[in-house]
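# Descriptive structure summary
Okay, here's what each chain looks like letter by letter:
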Amino acid sequence: MERPHTLLIHYDKGTPAIAKQIVKDLQGRDGPAKVDAMKKAIMLLLNGETLPQLLNTIVRFVLPSQDPMLQKLLLLYLEIIDIGKVDADADGGTMNEMYICQHLKNNLNNSNIYTRVATLRFICHLNDKHLDIIRELKSSVVGNLQHKHPYVRRNAILAVMTIYKLPQGQLLLVDAPETIQEVLSKEEDPSAKRGAFLMLSTCDQDRAINYLLSHVDSVSGWGELLQMVVLELIRKVLVSRMDKGEKETYINIVKSLLNAPSTATAVAYECAGILVSLSSKPTDIVAAANTYCQLLRSQSDNNVKLIALDRLIELKSSHRDIMVDLTMDLLRALNCRNTDIQKKALQIVLELITERNINGVVLMLKNEAFKTQGHGGEFKNNGKYRQMLIQAIRICALKFPKVASTVDDLLMDFSGDNNVASAIDMLHSVREIIEMNHEVRVSIITRVLDNLYRIRASRVCSCALWTIGEYCRSLDEVENGIATIKHCLGELPFLPVSEEGEDTDSSEKVQQKMNSVTVSSVLADASEPAFSDQGSLTWRNLRSFLLTGDFFLGAVVASTLTKLVLRLEGVQSSKVEVNKASTQAVLIMVSMLQLGQSPVLPHPIDNDSYDRIVVCIRLLCSTGDNVRKIWLQSCRQSFVKMLSEKQLRESEELNAKAQISHAQPDDLIHFDSLKTMKGRSQLELEDMTPDDEKLETGEFIKDGDGVNKLNRRIHQLTGFSDPVYAEAFVTVHRHDIVLDITIINRTKQTLQNFVMELIIKGGLEIVELKPVEDPQNNTLAPESNKEIKVKLMVVSTDTGVICGHVVYGTSNGEKTVVLSEISFDVGDYMSPAVCTDEAFRTLWAELEWKRKVDVDTEIQDEKEFLDHIIKLTNMKCLTAPLDGNCGFLTANLYAKSVFGEDALVNVSIEKKNNGRLGGSIKIKSKSQGIALGLSNKISLKQKGKGGN
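Right, let's walk through the structure included here. Keep in mind that what you see is a predicted model, and the values were worked out from it rather than measured. (Residues numbered from 1 in each chain as written. Predicted model: local features only at pLDDT ≥ 70, side-chain atom pairs only at ≥ 80, totals over all residues. Heavy atoms only, no water.)

### Comments concerning the overall build of the chain
As a reminder, the rule being used: Helix and strand definitions follow DSSP, with helices as H or I runs of at least four residues and strands as E runs of at least two, each counted in order from the N terminus. Classification of residues uses two cut-offs on accessible area relative to the type maximum, computed with a 1.4 Å probe and protein chains only: under 20% is buried, over 50% is exposed, and between them is partly exposed. Contacts between residues were defined by any pair of non-hydrogen atoms, one from each residue, lying within 4.5 Å. All accessible-area figures derive from a Shrake-Rupley calculation using a 1.4 Å probe, and residue coverage is judged against the displayed protein chains alone.
Scanning the chain from N- to C-terminus turns up 39 helices and 16 strands. Every one of the 948 residues in the chain was classed for burial, and the buried ones make up 45%. Considering only intrachain contacts with a sequence separation of at least 6, the fraction spanning at least 24 residues in the chain is 67%. Accessible surface for the chain amounts to roughly 49400 Å². Of this, 50% is attributable to carbon and sulfur atoms.

Written as structure tokens, this is what we have:
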């Protein structure tokens with residue numbers, strides 16, 4: 001439809017009503033049939049039908065009816081038609097318009113207030129095409145301003161405002177502002193008073209300002225609706241009139257509303273926003289920030305809390321010194337059990353910590369962490385919240401080393417957490433704290449040794465053992481480390497020596513041993529388990545893990561014991577003690593190898609773990625200086641390098657965010673589509689905007705995140721030898737795709753009935769398809785061209801395909817030219833993103849759609865192949881780059897779609913003996929479209945040199 005309507009009703013075009021039947025039903029006496037006929041008439045009119053003769057029937061048979069439903073439908077009918085035009089086409093001349101005006105006037109004077117209100121609302125929907133009707137009804141509308149019922153007065157005020165805002169409305173109601181001002185001064189109803197003030201602020205701003213300034217003292221007592229209109233007026237006035245004296249007056253009004261005890265939440269929020277935008281005084285900023293913090297505490301709606309946090313983030317960026325004093329208030333938002341709110345609150349707090357408030361922040365975080373232990377599984381996201389708290393405590397300890405000694409006890413308390421991600425985060429934090437602050441090394445290592453038996457996850461044990469082997473330096477620490485590991489392993493051998501024919505009994509005994517290993521957090525007297533008289537631990541967690549076939553942990557145990565024995569040689573003067581410790585370590589390793597080859601276990605030891613344990617045995621049997629240096633120094637140097645690279649990446653990301661330029665209010669706006677090369681001077685050509693050249697040549701544009709986004713590209717749709725040549729100029733921007741299709745008639749004859757049909761498949765949807773010029777012309781002159789614009793919307797991440805054909809007629813008959821396909825794969829909808837390793841592992845476990853692609857490529861270098869996959873998938877590599885060439889490589893890639901969906905890729909490759917690369921690429925995503933799209937794209941284009 002060409003003209004706008006205020007009413008839209010769905011109508012099935014497959015069952016159109018017949019105009020004659022509608023007229024017949026309206027002329028009858030059956031009330032329900034009339035109602036149904038009116039509905040059908042309205043639907044036909046909304047779908048483009050005219051029905052010019054219907055107005056006479058409606059005036060004769062519907063207008064006099066007293067049926068309320070018919071009267072409502074009548075108003076809807078009058079609302080969607082152009083009465084003057086329809087009346088002129090009808091047989092009744094201008095009489096119908098007179099009858100309608102008289103009917104509406106009677107309704108405005110009706111004793112039924114609902115009839116009056118319905119008519120007043122109808123008048124609010126009229127436009128400048130109904131000026132003749134409005135001219136007849138204006139006196140009745142103004143008369144309703146004095147009605148005794150506020151419901152009528154409220155709608156009468158809105159009707160007066162609608163009439164006054166029309167192009168000729170000021171001539172129709174010359175004294176409308178004065179009349180409304182009188183109504184406002186006498187009105188008591190809050191809703192009607194709000195409408196009157198809204199009319200003044202919209203149509204006569206000076207009168208509204210005068211009224212406001214004359215009632216400054218009573219503004220805080222006005223209703224919420226009227227206060228919201230007052231704030232909107234203040235915002236408009238201060239934008240158009242930046243007078244310093246008036247500005248201070250309005251700011252005082254806002255502050256009085258903000259400080260009033262009965263101020264509504266919405267009003268307080270708007271007041272805070274106005275204060276921040278209009279004033280830079282510290283007291284005003286503090287008042288606004290306190291208001292947002294109060295919303296965090298008082299509101300139960302999580303959406304309101306998130307909005308308040310967003311406003312606080314904006315305040316932090318421009319008034320950080322003021323926000324520092326509100327850090328503890330922000331931490332109260334952690335009481336909300338929504339992870340998004342907790343995450344955003346922690347993000348703000350961590351950017352506001354200083355020497356002055358760090359102790360209070362750490363104490364609050366520790367208390368929250370202890371609460372998560374007490375709740376157990378009561379809250380669904382308790383584990384995620386605990387993980388966020390541990391990460392926050394780690395950041396505090398790294399920024400302010402003085403608090404590291406106060407948090408090591410807390411961090412180690414989570415070593416036995418059932419949530420593996422939280423426990424691993426804790427140990428990663430401990431490692432970084434030790435490396436950054438050597439003063440706390442002794443206390444943390446002591447706590448790690450004391451809590452090793454409490455760890456319930458194999459991955460957590462591996463991390464703890466690495467920490468023990470790397471940071472036990474003194475004689476006591478090394479000896480305690482070896483003793484603790486031995487006690488957690490238990491007595492040797494791991495399996496009893498079974499006689500021939502007793503495999504079944506042996507298996508049962510092993511199962512009984514495995515079942516006898518129980519885990520509990522504390523003893524009956526609330527104390528921790530301690531060494532027994534025989535020197536064994538109550539828990540032998542390492543032993544239980546080995547008995548379940550976890551030989552990767554066994555290799556970690558072997559490496560840790562090897563490091564400890566090598567360190568013992570440097571700190572222990574007695575060679576006898578060193579040899580004794582070395583012998584015991586070798587015995588443990590041999591026992592693990594014997595266990596790995598036992599048929600009792602569910603699966604034998606893997607080759608990698610076997611080789612690693614054997615290397616440790618050989619090392620302890622013959623130690624060289626070079627090997628000692630590798631084991632005792634190079635490992636820690638690699639860890640330090642990894643930390644430095646991590647800090648460098650984080651600093652680069654922060655610098656990149658800080659350097660993002662924001663447009664200033666007085667910056668020029670360049671409209672590239674309005675520029676043409678024709679008629680430009682040399683100075684204008686030299687003064688083009690930086691991206692003009694790239695835009696006009698269709699090159700790639702690299703944005704601030706380093707993502708190559710395809711802005712425009714040209715697709716050839718037909719061949720050069722075809723009688724009709726077509727090409728599409730594609731513009732891709734997030735959810736929107738625009739095709740500018742150029743069609744050229746390369747023949748010497750005119751093409752008649754020219755039609756282009758497009759077929760859309762996959763995750764695309766046509767929004768608009770129309771010729772750029774002369775849409776009614778379906779002919780194409782010889783050697784002329786036609787421009788067609790197609791607008792598409794991306795509705796899903798499934799691969800979208802556009803295909804079709806061109807049909808035209810000539811003197812020889814109808815002919816068809818098939819168009820080439822245009823494909824939009826998942827890579828066009830993906831953008832690189834960053835997440836932590838823990839978040840990546842969590843998403844990998846949660847996402848359900850999984851695909852696997854075997855590596856088949858002509859590229860022979862591992863790093864080159866990884867770069868090829870990164871460029872192909874438009875994803876971010878989360879794995880730090882490694883130096884050297886070891887023959888294998890594993891990396892994690894991450895990206896997000898335009899719909900916010902996660903896409904995860906794990907690349908695992910190795911170089912085979914023949915020099916070719918082998919391995920697999922695993923893909924995980926939330927939606928099937930992303931997983932299939934990425935796997936298909938990688939399968940087709942992974943070959944690189946020969947297959948790209």
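### Quick word on the sheet that holds strand E6 (residues 752–761)
The cut-off we apply is this: Paired strands, as defined in this entry, are two strands with at least two bridges between them according to DSSP. To get an axis, fit a line to the C-alpha atoms, keeping to the stretch in contact for a helix; angles then go from 0 to 180 degrees between the N-to-C directions.
Within the open sheet, the 3 strands sit side by side as E6-E9-E10. Their pairing is antiparallel. Each of the sheet's edge strands pairs with one partner strand only, and the pair in question is E6 and strand E10 (813–824). For this sheet, the mean angle separating the axes of adjacent strands, direction not counted, is 15 degrees.

### So, helix H6 (residues 95–108)
Test applied: Between the first and last residue of a helix there are one fewer steps than residues, each counted as 1.5 Å, and that sum is the expected span. As used here, the arc is the angular range of directions from the helix axis to the C-beta atoms.
Helix length check: H6 (14 residues) gives 20 Å between terminal C-alpha atoms against 20 Å at 1.5 Å per residue, within 8%. When we look at burial in H6, the residues that qualify are Asn96, Glu97, Ile100, Cys101, His103, Leu104, Asn107 and Leu108. The arc that holds the buried residues of H6, viewed along the axis, is 160 degrees, so those residues lie on one side.

### Considering the packing of aromatic side chains
Just so we agree on the cut-off: Side-chain rings of Phe, Tyr and Trp, where Trp is taken by its six-membered ring, are said to pair if the distance between their centres is within 6.5 Å; with planes under 30 degrees apart they count as stacked, over 60 as edge-to-face, and otherwise as tilted. By definition, being over a ring means that NZ of Lys or CZ of Arg is both within 6 Å of the ring centre and within 35 degrees of the ring normal.
Inspection of the entire model under this criterion finds 9 aromatic pairs. Seen in terms of ring centroids, Phe197 and Tyr211 are 6.1 Å apart; in terms of plane orientation they differ by 55 degrees. Their pairing is tilted. One end of the pair, Phe197, is in helix H12 (residues 190–203); the other, Tyr211, is in helix H13 (residues 205–214), and 14 residues separate them in sequence. Overall, the relative accessible area of 0% leaves Phe197 in the buried class. Looking at Tyr211, the relative accessible area reads 8%, which means it is buried. The lysine or arginine in question, Arg431, covers the ring of Trp466, its NZ or CZ lying 5.0 Å from the ring centre.

### What about unusual backbone geometry?
Cis geometry marks the peptide bond from Leu492 to Pro493; its omega dihedral reads 0 degrees. Its place among the elements puts Pro493 in the loop between helix H28 (475–489) and helix H29 (503–516). Positive phi, normally seen in glycine, also occurs at Glu783, with a value near 55 degrees. If you trace the backbone, Glu783 turns up in the loop between strand E7 (764–771) and strand E8 (785–794).

### Describing the nonpolar core
Note the cut-off: Take the buried Ala, Val, Leu, Ile, Met, Phe, Trp, Tyr and Cys residues and link them wherever side-chain atoms come within 4.5 Å; each set so joined is a nonpolar core.
Counting 114 residues, the largest nonpolar core has Leu312, Leu365 and Met589 as the members making the most contacts within it. If one sorts the elements of this core by residue count, helix H31 (residues 551–571) sits on top with 11 residues. Sequence-distant contacts of Leu312, defined by excluding residues within four places in its chain, comprise Ala289, Tyr292, Cys293, Leu296, Met323, Leu330 and Ile348. Core analysis: the next-biggest nonpolar cluster, separate from the first, contains 88 residues, Leu78, Leu104, Val117 and Phe122 among them.

### Digging into empty space enclosed by the protein
For clarity, the threshold we go by: A 1.4 Å probe that fits into a set of points on a 1 Å grid over the protein atoms alone but cannot get out defines a cavity; an open set with protein on both sides within 12 Å along at least five of seven lines defines a pocket, and lining residues are those with an atom within 4 Å of a point. Grid points are joined across faces, edges and corners, and a volume is the space filled by probe spheres set on the points.
If you walk through the whole model with that rule in mind, you get 1 cavity of 30 Å³ or more. Within this model, the largest cavity holds a volume of roughly 50 Å³. In terms of lining, the largest cavity is formed by Leu717, Leu739, Ile741, Leu758, Ile802, Cys803, Leu819, Ser820 and Ile822. Looking at the lining of the largest cavity, the elements with two or more residues in it are strand E5 (736–745), strand E9 (800–810) and E10. Here the lining of the largest cavity takes 3 residues from E10, the largest share from any one element.

### Brief notes about the side chain of Gln942
The topology assignment puts Gln942 in the segment after helix H39 (928–941). Among residues more than four places away in sequence, those in contact with Gln942 are Val853, Asp854, Val855, Asp856, Thr857, Phe865, His868, Ile869 and Leu872.

### Some points on the environment of Leu643
On the secondary structure map, Leu643 appears in helix H34 (residues 625–658). Using a relative accessible area of 4% as the deciding quantity, one classes Leu643 as buried. When the C-alpha positions of Leu643 and Glu435 are compared, they lie 9.1 Å apart, and in sequence the two are 208 residues distant. The residues touching Leu643, leaving out its near neighbours within four places in the chain, are Glu432, Glu435 and Met436.

### A few points about the pattern of salt bridges
Selection rule: Criterion for a salt bridge: a side-chain nitrogen of Lys or Arg within 4 Å of a carboxyl oxygen of Asp or Glu.
Within this structure, the stated rule accounts for 24 salt bridges. Measuring nitrogen to oxygen at the nearest pair gives 3.1 Å for the salt bridge that ties Arg636 to Glu435. Here Arg636, found in helix H34, pairs with Glu435, found in helix H25 (residues 420–436); they are 201 residues apart in sequence, far enough to count as distant. According to the relative accessible area criterion, Arg636 is partly exposed, its value standing at 24%. Taking the relative accessible area as the measure of exposure, Glu435 reaches 10% and is therefore buried. The residue Lys563 makes a salt bridge to Glu470 at a minimum N-O spacing of 3.0 Å. With Lys563 in helix H31 and Glu470 in helix H27 (residues 458–471), this residue pair connects regions lying 93 residues apart in the sequence. Given a relative accessible area of 0%, Glu470 falls into the buried group. Here the salt bridges share partners, and the residues they tie into one network are Glu178, Asp204 and Arg207.

So far we have only geometry, and geometry alone does not tell us how the molecule works.
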